[in-house]
Amino acid sequence: MKIATFNVNSIRSRATIVSDWLAKNKPDLLAIQETKAQDSDFPLDEFADSGYNIVFKGEKRYNGVAVFSLAKPDNITYGLDDEPTDDSRLIRLTVNDVHFVNTYVPQGTSPDSDRFTYKLEWFKRLKKYFKKHFKPTDKLIWLGDLNVAMEARDVHNADQVFGSVCYCPEVIKAIGDVMDFGFTDTFRMHNQEDGQYTFWDYRIPNGFKRNMGWRLDYIMATKPMADRCTRCIVDKAPRQLEKPSDHTFLVAEFDI
């Protein structure tokens, strides 16, 4: 089983990038975040011949999540259990006997903002969500743009940005608390090198060419899935295309 995650930063602007990548790589499942399209505007016609089942939940100009699956998914739900549910930030579904939770975690704006407090609370609510709906012994994949760099090697200039909303003690603890449910970071199972990123800020001149990035996108797995994970890589090629997303694809393979 090959699965992937990608913050598309507007599905309408980058439908061709997604369509071409699906055709070339043929993953069993692709999770998308930041579609920035309300449901009526999702470009389904662009993927009509792709062979994928597509589920999505979005809102105008902001957030939005989607899943492309070769097999028909079951048990599809959107959002967290309590208010605000944030339906356009979370999709849960099952493909065969594997459960997937695709999340677009709030970014947080600034450390002194209400939105940063909301981000920390969001992680706490997500931990409760996992405990309510799953067991660590389930075949479960949590993936998406989690808006956290967990270690210094996950940021190109860690000393300079430490304390920011995506790299500070509070968010590192917050994601760690969720991982304590029973998740393993599949990328670090197979890659220990520094300088492995999934996001490069548009605002940094030649940031991608200079590899001034962050690792913000993850494929997390409970033990039954982590034990079967044979590979996890960052596919940097789409970030080099014309008008790319500021993120790129993260891909994991499982012996299933």
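In this text the structure is predicted, and so the values were computed from the model without any measurement.

1. Things to note about the packing of aromatic side chains
Next, step 1: Tallied over the entire structure, the rule returns 13 aromatic pairs.
Next, step 2: Ring centres 4.9 Å apart and planes at 65° place the aromatic pair F130 and F183 in the edge-to-face group. Here the residue F130 occupies a position in helix 2 (residues 114-133), and F183 occupies one in strand 9 (residues 183-185), the gap between them amounting to 53 residues. The pair F130 / F183 is uniform in exposure class, with both members buried.

2. Observations concerning the sheet that holds strand 1 (residues 2-7)
Next, step 1: A sheet is described by the order of its strands in space; here six strands give the open sequence 3-4-2-1-14-13, paired in mixed fashion. Two strands close off the open sheet at either side, each with one partner strand: strand 3 (53-59) and strand 13 (229-235). In this sheet, neighbouring strand axes are inclined to one another by 10° on average, regardless of whether the strands run parallel or antiparallel.
Next, step 2: Contacts from helix 1 (residues 15-25) reach strand 1, strand 2 (29-33), strand 4 (62-69), strand 13 and strand 14 (249-254), with the element oriented near 160° to strand 2.

3. Re helix 2
Next, step 1: With 20 residues, helix 2 extends 28 Å between its outermost C-alpha atoms, agreeing within 8% with the 28 Å of an ideal straight helix rising 1.5 Å per residue.
Next, step 2: All of the buried residues along helix 2 are F116, K119, L120, W122, F123, R125, L126, Y129 and F130.
Next, step 3: Looking at the buried residues of helix 2, the elements they touch are strand 5 (74-78), strand 6 (90-95), strand 7 (98-104), strand 8 (140-145), helix 4 (169-179) and strand 9.

4. Section: helix 4
Next, step 1: Where helix 4 is concerned, the buried positions are V171, A174, I175, V178 and M179. Taken end-on, helix 4 shows its buried residues confined to a sector of 140°, consistent with a single buried face.
Next, step 2: Against helix 2, strand 8, strand 9 and strand 12 (217-222) lie the buried residues of helix 4.

5. A look at the sheet that holds strand 6
Sheet strands pair via backbone hydrogen bonds, and the direction of the pair is either parallel or antiparallel.
Next, step 1: Strand order in this open sheet of six strands is 5-6-7-8-12-9, and the pairing throughout is mixed. Each edge of the sheet is formed by a strand with only one pairing partner; in this case those strands are strand 5 and strand 9. Here the strands of the sheet are splayed against their neighbours by 20° on average, with no regard to which way each runs.
Next, step 2: With six bridges joining them, strand 6 and strand 7 adopt antiparallel strand pairing. Bridge pairing links T94 to H99 in strand 7.
Next, step 3: Contacts from helix 4 reach strand 8, strand 9 and strand 12 within the one sheet, and its direction differs from that of strand 9 by about 125°.

6. Focus on the environment of F100
Next, step 1: One can find F100 in strand 7.
Next, step 2: On the basis of relative accessibility, which here comes to 3%, the residue F100 falls in the buried class.
Next, step 3: Sequence-distant contacts of F100, defined by excluding residues within four places in its chain, comprise M1, I3, L29, I91, R92, L93, V95, I141 and L143.

7. With respect to the pattern of salt bridges
Next, step 1: Enumeration over the complete set of coordinates arrives at 17 salt bridges.
Next, step 2: When the shortest N-O distance is used, the salt bridge between K36 and E34 registers 3.7 Å.
Next, step 3: By relative accessible area, E34 is classed as buried at 14%.
Next, step 4: Residues joined in a network through salt bridges with shared partners are E151, R153, D154, D185, R188 and R215.

8. Concerning the nonpolar core
Next, step 1: Ranked by internal contacts, the top residues of the largest apolar core, which has 37 residues, are L126, F130, W142, I175, W214 and M220.
Next, step 2: Elements represented by at least two residues in this core include exactly helix 2, strand 8, helix 3 (158-161), helix 4 and strand 12.
Next, step 3: Residue contributions to this core peak at seven residues, all from helix 2.
Next, step 4: Not counting the four nearest positions on each side in its chain, M220 is found in contact with L140, I141, W142, L146, M150, I175, M179, F183, T184 and D185.
Next, step 5: Among the nonpolar cores identified, the runner-up in size contains 26 residues, and V98, I219, C229 and V234 belong to it.

Criteria and cut-off values
- Within each chain, residue numbers correspond to sequence positions counted from 1 in written order.
- Predicted model: local features are reported for residues with pLDDT of at least 70 only, side-chain atom pairs are reported and counted for 80 or more only, and whole-chain, interface and lining totals are derived from all residues.
- Remark: hydrogens and water are excluded; side-chain values derive from all non-hydrogen atoms of the structure.
- Only Phe, Tyr and Trp rings are paired, with Trp represented by its six-membered ring, and only when their centres lie within 6.5 Å; those with planes under 30 degrees apart are stacked, over 60 edge-to-face, the remainder tilted.
- Helix numbering and strand numbering both begin at the N terminus, where a helix is a DSSP run of H or I of at least 4 residues and a strand a DSSP run of E of at least 2.
- Here's how the labels work: a residue is buried when its accessible area is under 20% of the maximum for its type, exposed when over 50%, partly exposed in between, all with a 1.4 Å probe on protein chains only.
- A pair of strands counts as paired when DSSP detects no fewer than two bridges linking them.
- Lines are fitted to the C-alpha atoms to define the axes, a helix being fitted only along its stretch in contact, and any angle between axes, read from their N-to-C directions, falls within 0 to 180 degrees.
- Should any heavy atoms of two residues lie within 4.5 Å, those residues are considered in contact.
- To estimate how far a helix should reach, multiply one less than its number of residues by 1.5 Å.
- It is the directions from the helix axis to the C-beta atoms that the arc portrays.
- Take a side-chain nitrogen of Lys or Arg and a carboxyl oxygen of Asp or Glu: if they are within 4 Å of each other, that pair is a salt bridge.
- The definition of a nonpolar core used throughout is a set of buried Ala, Val, Leu, Ile, Met, Phe, Trp, Tyr and Cys residues joined through side-chain atoms within 4.5 Å.

These figures capture arrangement, not role.
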